[in-house]
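Each chain, letter by letter, is given below.
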Amino acid sequence: MKQQALEVLQSKFGYKSFRLQQEKIIQRILSGQDTLVLMPTGGGKSLCYQIPALLLDGVTLVISPLISLMKDQVDALRLNDIPAAYLNSTLTNQEQTDIIRQLQAGQLKLLYLAPERLMGQESRFVDFLKKINISLLAVDEAHCISQWGHDFRPEYRMLAEVRKALGQIPAVALTATADRLTRQDILDKLQLHKPEVFISSFNRANIHYHVAAKRNSYGKLMQFLEKRQEESGIIYVLSRASTEDLAQRLTEAGFPAKPYHAGLDRDTKEKHQELFQRDEIRIIVATIAFGMGINKSNVRFVVHMDLPKNIESYYQETGRAGRDGLRSDALLFYSYADVMKLQRFVEVEGNEQQSQVMLQKLQEMATFGELRTCRRKYLLNYFGEEAPEDCGSCDVCLSEEEKFDGTIIAQKALSAVARLEEKFGVSYVIDFLRGSKSEKIWHQHKELKTYGIGADLSKKEWHRYMDDLLHLDYLKKADGQFPVLQLTEKSWLVLKGEEKVMLIKVAAEMEEATAPEQAVPVEDELLRVLKSLRRELAQKENVPAYIIFSDATLHELAAFLPIDRADLQQISGFGEVKIKKYGEAFLQLVNQHVRTHGLDSRMPAMRTKRQKNRRKEKRTDTKAESLQLFQQGKSVEAIARERDLQPSTIYSHLGFYVEQGELDVTALVGKEKIPAIEQAIRTHGDIALSPLKEQLGDGVSYGEIRAVIGHWRRKQRR
């Protein structure tokens with residue numbers, strides 16, 4: 001079966017090898033075992049059940065929550081000559097009858113259904129399915145079954161009963177977003193039998209995360225869009241009215257956009273979605289009603305004008321960008337006022353336990369907005385995954401921030417909080433420090449010594465320094481409805497002059513990440529021609545352009561210049577079916593461009609292409625201190641205790657010096673372990689640690705992996 005699965009992957013889908021844990025998952029499903037799959041958006045979850053569907057006898061039932069997702073999946077499968085269909089309310093009675101006949105005749109391999117189809121009066125449909133040879137039940141977006149998930153749907157709860165009625169067929173549940181609590185709920189509610197849980201890395205390395213203060217967010221959005229005029233994106237807002245208002249403003253400003261929210265009639269929503277899918281408009285302004293099933297691979301940016309309610313929602317929504325693997329951006333405009341506004345919306349009436357969970361999730365989202373450390377690390381840690389201290393591609397890691405002795409600034413802020421008896425929030429404290437003449441400042445407060453002592457700094461500077469003091473635990477916000485500022489144990493050390501506070505100078509906001517230098521240049525003129533051909537083919541097939549080929553496939557064509565069918569087989573996305581259907585047309589354009597410009601094919605470069613162009617990590621005093629203590633003969637654990645840091649942080653510091661060639665890797669890792677770790681890096685890459693740890697097992701620690709990654713990167717630069 002293993003070889004057959006690979007053959008199907010290559011011939012039907014055009015991919016040369018499996019990604020992440022796809023191969024193991026497929027083998028597990030083919031053996032008839034229950035499975036839970038957590039894999040990031042764009043990681044290839046669908047292939048995990050589509051390939052078994054083609055190898056098993058009978059039909060695979062796919063439970064999917066949105067009509068748009070079903071249609072996209074089925075359109076893509078049919079283009080690859082895979083017999084698939086969906087049953088939902090968009091079909092006429094005759095179309096539904098035709099699909100029923102195909103089912104009865106054994107002519108379908110995959111059937112997509114909404115969970116509602118199996119409920120209530122439709123229970124007779126389950127009786128019909130009992131007569132069909134069902135080989136597998138695939139539950140997509142499985143987090144919908146959990147009340148702890150961010151998108152709970154009660155109708156998912158009855159799937160366990162449906163499965164029993166169908167004779168306990170094997171099941172696979174798939175999701176891109178589930179914390180530990182939600183994962184366990186999925187297993188319990190679906191009643192999976194001795195399931196194996198596969199958790200792939202949540203790292204979306206091609207997405208660059210940015211957070212900007214919400215002040216003047218529209219002006220900042222305009223700056224952001226000016227640099228992305230030809231790119232496709234989704235802008236999320238909190239209210240229905242905001243979608244329509246912002247879409248109109250953007251259109252008038254020269255960025256044609258359409259609104260999407262649950263209050264629009266179905267025809268309007270479908271029209272706007274189709275315009276976006278087909279690249280006839282570049283931007284959709286939406287509430288969370290849009291996007292759950294969107295499979296558009298060339299979304300280059302996702303912007304949140306308002307704060308999402310939890311990390312799961314944020315991760316899933318940002319994950320709609322860059323599904324083709326190309327560089328994409330996620331921009332969030334953050335204000336703590338949004339946190340306060342959302343508190344009343346996340347509470348669940350009559351369910352105190354769930355309300356507390358949702359409030360905690362909102363606070364974790366707020367923490368993300370206020371971070372002064374790597375945003376990618378925070379996201380990955382949230383989902384239980386280890387990550388380096390510096391990802392090199394979020395706004396925090398990319399900023400060239402300069403630290404300075406901010407002890408006096410900290411003392412002013414802490415004194416103000418103390419004098420105000422820890423009863424006021426950030427905005428009031430800042431206005432008090434700056435000596436605001438506003439009537440909202442209490443008269444008696446204007447008589448205090450600390451009133452106006454921070455007038456030398458702007459509001460923007462004070463807000464950033466307050467964020468730093470909160471993050472560094474010199475201040476904290478009270479729990480509850482009114483998050484007033486309070487002092488901590490560390491505050492008193494500063495006020496007494498016993499501890500120095502290092503702050504980060506306020507820099508320009510929303511620094512643009514530098515795009516990695518292309519190892520092989522893309523022929524822009526050819527790329528435009530290829531996109532034009534793709535658009536013509538899409539119109540002919542009546543499907544969105546990205547279903548024909550993703551942007552990533554076209555970029556490979558325009559970079560590596562394949563000149564014959566053998567070359568074309570090496571380009572991602574060109575399987576046997578698509579080579580037969582479209583290969584000649586695309587090869588003709590590539591060959592014409594090569595001849596016109598006197599170019600040679602660059603296919604040999606594909607074998608040596610380095611896909612990651614990492615930013616050089618900075619030297620810091622804290623890294624140097626760890627190295628000095630290690631060179632004095634202290635163990636990693638001892639250094640961690642002495643410095644009140646995690647051992648993983650010390651390993652990260654020392655791994656930096658291994659990469660610089662200033663520390664031998666064997667000082668941290670036994671020689672006998674290095675070859676196996678390097679082999680794992682060749683397989684999974686050198687960014688996410690969890691897949692490496694999973695392959696290597698308990699005999700190798702995360703710290704040892706970090707050290708060998710540094711050693712590996714140094715060797716690659718030689």
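Bear in mind the structure is a predicted one, so any value in this text is a computation, not a measurement.

(A) View of the sheet that holds strand E8 (residues 207-213). Taken in spatial order, the six strands line up as E8-E13-E12-E9-E11-E10 in an open sheet, and their pairing is parallel. Two strands bound the open sheet, and with one partner strand each, they are E8 and strand E10 (257-260). Looking at each pair of strands side by side, their axes are set apart by 15 degrees on average, direction ignored. In this sheet, strand E11 (residues 283-286) lies alongside strand E9 (residues 232-236) in parallel orientation, the contact comprising four bridges. The residue bridging isoleucine 234 from the neighbouring strand is isoleucine 284, located in E11.

(B) Just the sheet that holds strand E1 (residues 35-38), in detail. Reading across the sheet, the seven strands line up as E3-E4-E2-E5-E6-E1-E7 and stay open at both edges, with parallel pairing between neighbours. Edge positions in the sheet fall to strand E3 (84-87) and strand E7 (196-199), since each of these pairs with one other strand and no more. Strand-to-strand twist of the sheet, defined as the mean angle between neighbouring strand axes without regard to direction, takes the value 20 degrees. In this structure, strand E2 (residues 59-63) lies alongside strand E4 (residues 110-113), joined through four bridges in parallel fashion. What sits directly across from isoleucine 63, in E4, is leucine 113. Docked against the sheet, helix H5 (residues 93-104) engages E2, E3 and E4, running at close to 130 degrees with respect to E3.

(C) Up close: the pattern of salt bridges. The tally for this structure, following the rule as stated, stands at 32 salt bridges. Among the salt bridges present, the one from aspartate 98 reaches arginine 101, with a minimum N-O distance of 3.3 Å. Residue aspartate 98 and its partner arginine 101 are located together in helix H5, separated by three residues, close to a single helical turn. Note on aspartate 98: relative accessible area 30%, which makes it partly exposed. Across the salt bridge formed by glutamate 274 and arginine 278, the nearest N and O atoms sit 2.9 Å from each other. A relative accessible area of 40% means that glutamate 274 is categorised as partly exposed. You can call arginine 278 buried: its relative accessible area is 18%. Among the ionic contacts, a cluster of salt bridges with common partners joins Lys214, Asp306, Asp338 and Lys341.

Cut-off values and rules
- Residues numbered from 1 in each chain as written.
- Predicted model: local features only at pLDDT ≥ 70, side-chain atom pairs only at ≥ 80, totals over all residues.
- Heavy atoms only, no water.
- Pairing = 2+ DSSP bridges.
- Helix = DSSP H or I, 4+ residues; strand = E, 2+ residues; numbered from the N terminus.
- Axes fitted to C-alpha atoms, helices over the stretch in contact; angles between N-to-C directions.
- Contact = heavy atoms within 4.5 Å.
- Salt bridge = Lys/Arg side-chain N within 4 Å of Asp/Glu carboxyl O.
- Buried < 20%, exposed > 50% of the residue type's maximum accessible area, 1.4 Å probe, protein only.

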